[in-house]
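Letter by letter, the chains look like this.
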Amino acid sequence: MSLLSIENLSLDIAGTPILKDVDLTIEPGEVLGLVGESGSGKSMTALTVMQLLPEAARARGQVTFNGIDILKAPEEAMCRLRGDDLGMVFQEPMTALNPVKTIGEQVAEGIRWHTGASRANAEDRARAMLDRVGLPEAKFPLSRFPHQLSGGQRQRVVIAIACALNPKLLIADEPTTALDVVLQAQILELLRELVVENRMGLLLISHDLAVVADMADRVTILRHGEVMESGPTASVLTEQRHPYTRRLAEASTHVPARPHTPASPNTEPTRLLEVSNIVKDYPGARKGLFSRAKPFRAVDDVSFSLDTGHAVALVGRSGCGKSTLARMILALDTPTAGEIRLAGENLAGKSQRELRHARRDMQVVFQDPYGSFNPRHRVERLVAEPLHLLDEKPSAQNRRERVAEALHLVGLSPADMEKFPHEFSGGQRQRISIARAIITRPKLIVADEPVSALDVSIRAQVLDLFADLNHRLGLTYLFITHDLTVARAITDEVMVMHEGQIMERGPTHAVLDAPRTEAARALVNAAPDLNQSLKKRRHLEAGK
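Cut-offs and rules
Residues numbered from 1 in each chain as written. Predicted model: local features only at pLDDT ≥ 70, side-chain atom pairs only at ≥ 80, totals over all residues. Heavy atoms only, no water. UniProt positions renumbered as here; feature names shortened; annotations may be inferred. Helix = DSSP H or I, 4+ residues; strand = E, 2+ residues; numbered from the N terminus. Expected span 1.5 Å × (residues − 1). Buried < 20%, exposed > 50% of the residue type's maximum accessible area, 1.4 Å probe, protein only. Arc of directions from axis to C-beta. Contact = heavy atoms within 4.5 Å. Polar contact = N/O pair within 3.5 Å; in protein donor to acceptor, adjacent residues only side chain to side chain. Domains from an automatic or database assignment. Axes fitted to C-alpha atoms, helices over the stretch in contact; angles between N-to-C directions. Parallel < 35°, antiparallel > 145°, perpendicular 65-115°, else oblique. Left-handed = near helix turned anticlockwise from the far one by under 90°. Nonpolar A, V, L, I, M, F, W, Y, C, P; charged D, E, K, R; others polar.

The chain is annotated in an unreviewed UniProt entry as ABC transporter of Nitratireductor indicus C115. Recorded under Sequence similarities (unreviewed entry), the UniProt text for the chain is reproduced unchanged: "Belongs to the ABC transporter superfamily." Here is the UniProt Subcellular location (unreviewed entry) comment for the chain, exactly as written: "Cell inner membrane".

Asks: Would you explain helix 20 (residues 530–542) in this entry?
Replies: Three- or four-residue spacings in an α-helix give side chains the same orientation, since the helix completes a turn every 3.6 residues. Spanning 13 residues, helix 20 covers 18 Å between terminal C-alpha atoms, matching the ideal 18 Å at 1.5 Å per step. Within the sequence span of helix 20, burial applies to Leu530, Ser533, Leu534 and Arg537. Projected onto a plane normal to the axis of helix 20, the buried residues spread over an arc of 95 degrees and lie on a single side. Among the exposed residues of helix 20, those oriented more than 90 degrees off its buried face are Asn531, Gln532, Lys535, His539 and Ala542. Buried positions along helix 20 lie against helix 8 (209–215), helix 9 (233–239) and helix 10 (243–252). Among the residues of helix 20, the N-terminal cap falls to Asp529, whose side-chain oxygen and the backbone nitrogen of Asn531 are separated by 3.1 Å.

Asks: What am I meant to see in unusual backbone geometry here?
Replies: Peptide bonds are, in most cases, trans, and in most cases residues other than glycine have a negative phi. Even without being a glycine, Asn66 presents a positive backbone phi close to 50 degrees. If you trace the backbone, Asn66 turns up in the loop between strand 4 (57–65) and strand 5 (68–69). Residues other than glycine seldom take positive phi values, yet Glu449 does so here, at roughly 50 degrees. By secondary structure assignment, the location of Glu449 is in the loop between strand 17 (444–448) and helix 16 (456–473).

Asks: What is the right way to look at the domain arrangement of the chain in this model?
Replies: Many descriptions give the size of an interface as the accessible area lost when the pieces come together. In terms of domains, the chain is made up of domain 1 (98–167) and domain 2 (271–513). In this structure, domain 1 and domain 2 have C-alpha centres spaced 35 Å apart.

Asks: Just to check I follow, could you spell out the packing of helix 15 (residues 426–438) against helix 16 for this structure?
Replies: Angle between the axes and distance between the axes are the two parameters that describe a pair of packed helices. Remark: helix 15 packs on helix 16, axes separated minimally by 10 Å, with the N-to-C direction vectors making an angle of 20 degrees. In terms of orientation, helix 15 lies roughly parallel with respect to helix 16. In this structure, helix 15 meets helix 16 at a crossing whose hand is right-handed. Contacts from Gly427, Gln430, Arg431, Ile434 and Ile438 of helix 15 reach helix 16 at Ile458, Gln461, Val462, Leu465, Phe466, Leu469 and Leu473. Counted by class, the contact of helix 15 with helix 16 contains 8 nonpolar, 3 polar and 1 charged residues.

Pasting the structure below:
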């Protein structure tokens, strides 16, 4: 008998079909990858197994876990299963954790509830589990709160909660989406170890085919709630019998066409941005009434320049200083020392009024477009927000024309001006975010993880859009990313940042194919590679 068996599962929410006759099985000690685009039904499949569906949901078919009919199990029985035999790692750890409870309390809570252990015993087990996931008490005491941890550290806490009682089945829903490649590799290795040690079944939900190829024994491809293809990972992802599987694989390795107009031999590159010896210190934690700990140096003597029309990636591990540096370039934070010049103009010491021209010439595209929008405003108002930076306020008619033009440039319709953000998909919202960024015709765009939360097909479309705007508008990009595939696909050069310093810089392929520094090698070695993962997976399957 399979650990988990799903047969003919159909699901609708308020009459809208979500899943249609889904079949899948997971054996003890097996990893099943569940792959598909946003909206394909991956997360709803997981929530059906956990019985955490919304009130209006209606499920039909059969879901059997360890001999238990999940769809007929009462809530009391499900409460006993969740956290004990069934564990789940959610995609966004900050929303999965209680912000007013310490990490020790949250890991110990399930242990006490399911086993009746004393507080002291539960804390000891929580301490051991947190150490197991790489959060030793010496550095991460149980008294810490979620907001005091980085994204990767919070994800480790979520994994500790889910695995504290050695569940028979763990569901991991995009567990590494927001993590840098080194942290991602560490967490995937941890999940792999838990599967082997505890004979645990793992349902790995991901849009990253390289991760799935590296981790999963079998893979199921979902589209619009239906299974398109299922089978051994290497066979499915190599043979690509279904056109949709082929499309996903092509999108995973997609490289946008980036046509360049040949420069005149006598034309010198135009220097747009110059960053000179930038330092950023933050005050240390207060040790007493009159003293503080040593200041923390987030950015340490960084210098580089960007030429007009170039796309440069800034890559590095979480906490290395990438976002702090970006905030100083955007004049949202003040350097402790050094200079930042945009088109020859020094931004240091300028008032908000004096920075208007600079802010018109540089805009930002955020990782989470929905979080950067006011949900109560329509698209016209959202996209038009930067127009207040212009010297002359546009008329209502001119404003609408500018918004319509910006939407057209990013592949949307002027009719979309009347809609609200929630009426769009994730990829469309990112296009709106890009439209807002280009409406003032800036010279520089800082893109902070602009595609990390998007599935592979939408990511390919957005990268194509960035490349097209670079060609048509001559935009200069600074891409902040932890995804080396994105850096390879879209940028001319790469800068590797580590502990506040730029450790290596050079042409993208030179740095990523032959890294010279340890920091760059660590990133490259940890980055998942679809072709290499499939090669290893084929070898494993051939040996069985």
